[in-house]
Amino acid sequence: MHVVVPYAPDAPKTRLEPVLSERERSRLARVMLEDVLAAVRETGREPTVLSTEPLEVDAPVAVDRRPLTEAVNAVVRSQMRNSAAKSGDATGVAVVMADLALTTPEALERLFAPDADVVIAPGRGVGTNALVVRHPEFRVDYHGGSYLDHRRIADDVGATLETVDSFRLGTDVDEPGDLVEVLVHGTGRTPSCLREFGFELDSTDGRLEAVRSAEP
Ligand SMILES: Nc1nc2c(ncn2[C@@H]2O[C@H](COP(=O)(O)OP(=O)(O)OP(=O)(O)O)[C@@H](O)[C@H]2O)c(=O)[nH]1
Ligand SMILES: C[C@H](OP(=O)(O)O)C(=O)O
């Protein structure tokens, strides 16, 4: 199965602006990407980064400057055509977001395992954090509660759909409140990156939070 990791390196993670500078957000986005690529590789698959800009990274990079939905649909269309031409039996394409800092190979295997036409790991906020497409007519439509849109699109084209209920795949790092999850559950380099930035766990207000104790 072809695994694509979309990545937009230019001014990423704007929703983290209240707690991180632009440079820090870029670094965090990059470290999360590397953690996701490592987890995909540990499943025995070679990921491709689908980037809006050329990028030096330890993986093949496909540059497509179009918005996320268009760029991913171009990959889905071409992969489905290729796999149908090769074997008559589409093995599919997986789209795994680069901000899934808690991803592990085991969590990804749960996404890859079902043989439904469409498999989705939804994120909090009703996004689509990770997806497998094996149906020739299914197309993505990201943003704005895309999990519900993807269910409707699957229904419209007659595709079977399975939803993967996964904390690790469901936790995308978008907002300051997500950082505590990374510090507690992260297994890759992302928690170390946050600690380098000076974040640590704090329960002063009665709830565990990631707070910045010291500027680096
Ligand atoms: N190839 C590509 N990837 C994108 C694009 N927009 C977002 N991404 C990637 O898609 C994933 C999910 O995007 P978001 O959660 O919106 O990430 P973001 O744009 O960095 O964050 P915000 O600025 O807070 O919305 C991340 O891996 C991004 O790097 C795009 O236009 N093209
Ligand atoms: C890409 C987008 O991410 P969100 O904006 O929900 O984080 C989505 O999953 O549709």
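Owing to the predicted nature of the structure, the values given are computational and were not obtained by experimental measurement.

### Side note on the site of ligand 2
In the vicinity of ligand 2, the contacting residues are Arg 15, Leu 68, Met 97, Gly 127, Thr 128, Tyr 142, His 143, Ser 146, Asp 172 and Asp 174. One of the side-chain nitrogen or oxygen atoms of Ser 146 is found 2.6 Å away from an oxygen atom of ligand 2. Asp 172 is positioned with one of its side-chain polar atoms (N or O) 3.4 Å from an oxygen atom of ligand 2. Expressed as a share of its isolated accessible area of 290 Å², the protein-covered part of ligand 2 is 84%.

### Section: the site of ligand 1
Every one of the 17 residues lining ligand 1 counts as a neighbour, but Ala 8, Lys 13, Thr 14, Arg 15 and Leu 50 are closest to it. Between ligand 1 and Pro 6 there is a distance of 3.0 Å, counted from an oxygen atom to a backbone nitrogen or oxygen. Within the complex, 84% of the 620 Å² of free accessible area of ligand 1 lies under protein. Looking at the shell around ligand 1 residue by residue, the class counts come to 9 nonpolar, 3 polar and 5 charged.

### Some details on a nonpolar patch on the surface
A grouping of Val 184, Leu 201 and Leu 208 is seen on the molecular surface, where their side chains present a nonpolar patch of about 240 Å² in accessible area. In this structure, Leu 208 sits in the loop between strand E8 (199-202) and strand E9 (209-212).

### Observations concerning the pairing of E9
With 4 bridges connecting them, E8 and E9 associate as antiparallel partners. By the bridge assignment for E9, Leu 201 is matched with Ala 210. Taken together, E8 and the strand that follows it, E9, pair antiparallel across an intervening segment of 6 residues, in which Gly 206 is found at a positive phi of about 90 degrees.

### Brief notes about the domain arrangement of the protein
Interfaces are often described in size by the accessible area the parts lose on coming together. Each assigned domain of the protein is listed here: domain 1 (2-170) and domain 2 (176-212). On a C-alpha basis, the centres of domain 1 and domain 2 stand 25 Å from each other. Listed per partner, the contact involves 18 residues of domain 1 and 17 residues of domain 2. Across the domain 1/domain 2 interface, buried area totals approximately 1500 Å², and carbon plus sulfur atoms make up 61% of it. Summed over the shared surface of domain 1 and domain 2, the number is 4 salt bridges. For the side of domain 1 that touches domain 2, the elements supplying multiple residues, two or more each, are helix H1 (22-42) and helix H5 (167-170). Tallying contributions element by element places H1 first for the side of domain 1 that touches domain 2, with 7 residues. When its residues are assigned to classes, the side of domain 1 that touches domain 2 shows 9 nonpolar, 2 polar and 7 charged.

Conventions we followed
Numbering of residues starts from 1 in each chain and follows the order in which that chain's sequence is written. Chain letters start at A and ligand numbers start at 1, both assigned in the order the entries are written. Given that this is a predicted model, residues contribute local features only at a pLDDT of at least 70 and side-chain atom pairs are listed and counted only at 80 or more, while totals for whole chains, interfaces and linings are drawn from all residues. Based on all heavy atoms of the structure, the side-chain values leave hydrogens and waters out of the count. We call a residue near a molecule or strand whenever a single non-hydrogen atom of that residue lies within 4 Å of it. As used in this structure description, the phrase polar contact means that two N or O atoms lie within 3.5 Å; if the pair is within protein, one of them must be able to donate a hydrogen and the other to accept it, and residues adjacent in sequence are counted only when both atoms belong to side chains. Surface exposure here means Shrake-Rupley accessible area, sampled with a 1.4 Å probe, where a residue is shielded only by the protein chains that are shown. Only Asp, Glu, Lys and Arg are considered charged in this grouping, and only Ala, Val, Leu, Ile, Met, Phe, Trp, Tyr, Cys and Pro are considered nonpolar; every other residue, Gly among them, is considered polar. Only residues whose relative accessible area exceeds 30% and that form no salt bridge enter a patch; like-charged residues are grouped when within 9 Å of one another, and nonpolar side chains (Val, Leu, Ile, Met, Phe, Trp, Tyr) when within 5 Å. Counted as salt bridges are all cases of a side-chain nitrogen of Lys or Arg within 4 Å of a carboxyl oxygen of Asp or Glu. For the purposes of this entry, the term helix denotes a DSSP run of H or I that reaches at least four residues, the term strand denotes a run of E that reaches at least two, and both are numbered from the N terminus. Here, any two strands with at least 2 DSSP bridges between them count as paired. All domain edges in this entry derive from an automatic or database-based domain assignment. Contact criterion: two residues are considered in contact whenever any of their non-hydrogen atoms come within 4.5 Å of each other. Summed over both partners, the accessible area lost on bringing two parts together, with a 1.4 Å probe, is the buried area.

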